[in-house]
Amino acid sequence: MFIHPWDAALDDAEWQAWIADGHDFGQLSVNGLPGQAPLVVPTHFTTHGGRLLIHLARPNPVWTAIEHDADVTFTVIGDYAFVPGPWRAKPGIPPSDGVPTSYYAAVQFTCRARIIDDPEAKAELLRRQMAHFQPGGDHAPIDAGRPPYGRMLSGIRGLELDVIDVRAKFKYDDHKSVEHRTAVADRLTERGQGLDVPTARQQRRRLARIGPWTP
């Protein structure tokens, strides 16, 4: 992922807060076996102790690839929108000459994967995931020796992803003027399609922190 200086995360706290704010679904990318394409698996995840926690069905073809090469990438993308060219036209030129772009936030984790097969360890992983996704506790106990989850554990395998490196990108035209960014955020809010509103929210948040761009 190429990151211009003005698109970089301002600090680790920025991407950590963005992940914590409900961005808990991403894509696991695994090197394919020799002669095969990489495998990409969409999935929910949780974090614990500097690790990403995932579980997948046992028949998933990703396991053989991970056993061959445990170096993986996990990517989370959100708050994205297409920005039409006329919105980005410089003053004094025809709106049709403006160049469109995409706005988005993305965090890429470079990780070392560890497969979890022990039933109790898998149950503990599920308990941590459920504490995140169903914090109200409205589910049956997750115990390796009790139904309903106990008999289902053999059908899944767990993954702990030890995070080695993090690259975060917040692409919201931060190198352009305050007036330009404010106008685009207003237009995104007015259009209100797809993720336009959260995209505008990210642009305004960055604008408040950065102000005018200085290299």
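What counts as what
- Residues numbered from 1 in each chain as written.
- Predicted model: local features only at pLDDT ≥ 70, side-chain atom pairs only at ≥ 80, totals over all residues.
- Heavy atoms only, no water.
- Core = buried A, V, L, I, M, F, W, Y, C linked by side-chain atoms within 4.5 Å.
- Buried < 20%, exposed > 50% of the residue type's maximum accessible area, 1.4 Å probe, protein only.
- Helix = DSSP H or I, 4+ residues; strand = E, 2+ residues; numbered from the N terminus.
- Contact = heavy atoms within 4.5 Å.
- Expected span 1.5 Å × (residues − 1).
- Arc of directions from axis to C-beta.
- Pairing = 2+ DSSP bridges.
- Axes fitted to C-alpha atoms, helices over the stretch in contact; angles between N-to-C directions.
- Parallel < 35°, antiparallel > 145°, perpendicular 65-115°, else oblique.
- Left-handed = near helix turned anticlockwise from the far one by under 90°.
- Nonpolar A, V, L, I, M, F, W, Y, C, P; charged D, E, K, R; others polar.

(A) Representation of the nonpolar core. Judged by nonpolar contacts, the single largest core of 35 residues is most densely connected at Ile19, Leu28, Val62, Phe74, Phe109, Leu159 and Leu161. Take this core: its biggest share by element is six residues, from strand E6 (residues 101-116). Apart from the residues within four sequence positions on either side, Val62 is in contact with Leu28, Val30, Leu39, Val41 and Leu56. Of all hydrophobic cores here, the second largest spans nine residues; its members include Ile116, Ala123, Leu153 and Ile156.

(B) Structural detail: helix H5 (residues 178-191). Taking 1.5 Å as the rise per residue, H5 with 14 residues should run 20 Å; its terminal C-alpha atoms sit 20 Å apart, in good agreement. Of all the residues in H5, the buried ones are His180, Arg181, Val184, Ala185 and Leu188. Taken down its axis, H5 places every buried residue within 130° of arc, on the same side. Among the exposed residues of H5, those pointing more than 90 degrees away from its buried face are Glu179 and Glu190. Structurally, H5 contributes buried residues whose contacts are with strand E5 (71-83), E6 and helix H6 (196-210). Phi for Gly192, located one or two positions after H5, is positive at around 65°.

(C) Main features of the pairing of E6. As defined by bridge partners, E5 adjoins E6 across 11 bridges and the pair is classed as antiparallel. Bridge pairing links Ala81 to Tyr103 in E6. With 13 bridges connecting them, E6 and strand E7 (residues 156-171) associate as antiparallel partners. Pairing of Thr110 across the sheet is with Asp165, part of E7.

(D) Representation of unusual backbone geometry within the structure. Going from Pro147 to Pro148, the amide bond is cis rather than trans, its omega being 0°. Structurally, the position occupied by Pro148 is in the loop between helix H3 (119-133) and helix H4 (149-152). Notably, Asp79 is not glycine yet its phi reads approximately 45°, a positive angle. Tracing the chain through its elements places Asp79 in strand E5. The phi angle at Asp173 is positive, at roughly 60°, despite the residue not being glycine. Position of Asp173 relative to the elements: it lies in the loop between E7 and H5.

(E) Representation of the packing of H5 against H6. Packing of H5 against H6 brings their axes to within 8 Å, and their N-to-C directions diverge by 160°. Comparing the axis directions of H5 and H6 gives the class roughly antiparallel. With respect to the hand of their crossing, H5 and H6 are arranged in left-handed fashion. Within the contact between the two elements, H5 uses Val178, Arg181, Thr182, Val184, Ala185, Asp186, Leu188, Thr189 and Arg191 and H6 uses Asp196, Val197, Thr199, Ala200, Gln203, Arg204, Leu207 and Ile210. Counted by class, the contact of H5 with H6 contains eight nonpolar, four polar and five charged residues.

(F) Highlighting the side chain of Arg88. Relative to the elements of secondary structure, Arg88 occurs in the loop between E5 and E6. Ignoring anything within four residues of it in the chain, the contact list for Arg88 reads Val83, Gly98, Val99, Pro100, Thr101, Asp173, Lys176 and His180.

(G) Focus on the environment of Ala200. As for its placement among the helices and strands, Ala200 is situated in helix H6. Exposure remark for Ala200: the relative accessible area of 0% places this residue in the buried category. The spacing of Ala200 and Pro148 is 52 residues in sequence and 43 Å in space, taken between C-alpha atoms. Residues within four places of Ala200 in sequence aside, it is in contact with Ala185, Leu188 and Thr189.

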